[in-house]
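# Structure assessment
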Amino acid sequence: DAKTTQPNSMESNEEEPVHLPCNHSTISGTDYIHWYRQLPSQGPEYVIHGLTSNVNNRMASLAIAEDRKSSTLILHRATLRDAAVYYCIRPTTGNQFYFGTGTSLTVIP
Amino acid sequence: NAGVTQTPKFQVLKTGQSMTLQCAQDMNHNSMYWYRQDPGMGLRLIYYSASEGTTDKGEVPNGYNVSRLNKREFSLRLESAAPSQTSVYFCASKTGAGGLAGYNEQFFGPGTRLTVL
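This write-up is about the structure you can find in this document. (Residues numbered from 1 in each chain as written. Chains lettered and ligands numbered in written order. Predicted model: local features only at pLDDT ≥ 70, side-chain atom pairs only at ≥ 80, totals over all residues. Heavy atoms only, no water.)

The next thing to look at is the sheet that holds strand 8 (residues 74-78) of chain B. Residue and element names in this part refer to chain B. Taking strand neighbours across the sheet as the criterion, the four strands line up as 1-3-8-7 in an open arrangement whose pairing is antiparallel. Only two strands of the sheet have a single neighbouring strand rather than two, namely strand 1 (4-7) and strand 7 (65-68). Looking at each pair of strands side by side, their axes are set apart by 15 degrees on average, direction ignored. By the bridge criterion, four bridges tie strand 7 to strand 8 in an arrangement that is antiparallel. When the bridges of strand 8 are listed, Asn-65 appears paired with Arg-77. (Pairing = 2+ DSSP bridges. Helix = DSSP H or I, 4+ residues; strand = E, 2+ residues; numbered from the N terminus. Axes fitted to C-alpha atoms, helices over the stretch in contact; angles between N-to-C directions.)

One frequently used descriptor of interface size is the decrease in accessible area upon assembly of the parts. Taken together, the contacts link 24 residues of chain A with 26 residues of chain B. The interface formed by chain A and chain B includes zero salt bridges. Across the contact surface, chain A and chain B share three residue pairs in polar contact (both at pLDDT 80 or more). It is strand 3 (residues 33-38) of chain A that provides the largest number of residues to the side of chain A that touches chain B, a total of three residues. Among the residues forming the side of chain A that touches chain B, the class breakdown is nine nonpolar, 14 polar and one charged. (Contact = heavy atoms within 4.5 Å. Salt bridge = Lys/Arg side-chain N within 4 Å of Asp/Glu carboxyl O. Polar contact = N/O pair within 3.5 Å; in protein donor to acceptor, adjacent residues only side chain to side chain. Nonpolar A, V, L, I, M, F, W, Y, C, P; charged D, E, K, R; others polar.)

Before going further, it helps to spend a moment on the environment of Lys-94 of chain B. Within the secondary structure layout, Lys-94 of chain B lies in strand 9 (residues 87-94). Among the residues examined, Lys-94 of chain B registers a relative accessible area of 1% and is labelled buried. Lys-94 of chain B sits 20 residues away from Leu-114 of chain B along the chain, and the two C-alpha atoms are 24 Å apart. Non-local contacts of Lys-94 of chain B, meaning those with residues more than four positions away in its chain, are made with Asn-95 and Phe-97 of chain A together with His-29, Asn-30, Ser-31, Tyr-33, Asn-104, Glu-105 and Gln-106 of chain B. (Buried < 20%, exposed > 50% of the residue type's maximum accessible area, 1.4 Å probe, protein only.)

In this section: the state of the cysteines. Per the counting criterion, the structure on display carries two disulfides over all chains. The side chain of Cys-22 of chain A participates in a disulfide bridge whose partner is Cys-88 of chain A; the two sulfur atoms lie 2.0 Å from each other. Between Cys-22 of chain A and Cys-88 of chain A the sulfur-sulfur dihedral comes to about -80 degrees; the bridge is accordingly left-handed. Placement of the pair is Cys-22 of chain A in strand 2 (residues 18-23) and Cys-88 of chain A in strand 8 (residues 84-89), with a sequence separation of 66 residues. What makes Cys-22 of chain A buried here is its relative accessible area of 3%. Judged by its relative accessible area of 0%, Cys-88 of chain A is buried. The side chain of Cys-23 of chain B participates in a disulfide bridge whose partner is Cys-91 of chain B; the two sulfur atoms lie 1.8 Å from each other. Residues Cys-23 of chain B and Cys-91 of chain B are joined through a disulfide that is left-handed, its torsion about the S-S bond being -75 degrees. Of this pair, Cys-23 of chain B sits in strand 3 (residues 19-25) while Cys-91 of chain B is found in strand 9, placing the two residues 68 residues apart along the sequence. Of the two residues, Cys-23 of chain B and Cys-91 of chain B, both sit in the buried class. (Disulfide = S-S within 2.5 Å.)

Take the packing of aromatic side chains next. What the rule picks out here adds up to twelve aromatic pairs over all chains. A ring pair is formed by Tyr-87 of chain A and Phe-99 of chain A, whose centres lie 5.2 Å apart and whose planes are at 75 degrees; its orientation type is edge-to-face. In this pair, Tyr-87 of chain A is assigned in strand 8 and Phe-99 of chain A in the loop between strand 8 and strand 9 (103-108), connecting sequence segments twelve residues apart. The same class applies to Tyr-87 of chain A as to Phe-99 of chain A, namely buried. Ring centres 5.9 Å apart and planes at 65 degrees place the aromatic pair Tyr-64 of chain B and Tyr-89 of chain B in the edge-to-face group. Linking Tyr-64 of chain B in the loop between strand 6 (56-57) and strand 7 with Tyr-89 of chain B in strand 9, this pair joins segments that are 25 residues apart in sequence. (Phe/Tyr/Trp six-rings, centres within 6.5 Å; stacked < 30°, edge-to-face > 60°.)

Okay, structure coming up:
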């Protein structure tokens, strides 16, 4: 089962850090974790992905638990433009990407 | 680079009509995907093509056919449209067909909004 579990919604104040959690308890040792986000009326946009260690890029950081059964996407300073649905995905061995309903992030000015 | 392009952007069909959604990518990617997204829902995989000349079913393939015309283009056909196929359709592509699952990221097109009356 390639499904992941995320909270339906979260809120954050503008310019504060946001930690978006994801549970992927059935992950295997060689599966990557991907995060995408979808702004209103747009296609999904790649955010970050990683395998074992923490990853950073210009958009966000990804913290992966030592047992790899969970991960956290970190937005260091939320802006209004970060309001979106965030999807945590564990691709299958056939490279299929299963999107759940994601976490809808509201950023409060 | 245009990335992933989709045509048309909007389409209205009557029940029973047929149509083909077009997708093209200019990133020399091997793998291409078709998803649908119903209101308030996440994306669901319809079909994918791991490489030119191959196609495979995803979660919700019924009522659809696909063609990987060449490395750049991957089309989705509705032979007899039904109201249940009203949705937003996204095409995506990524480099690499095999290797570790999810080694590379997917790039998405802007979507086609389809309404079937």
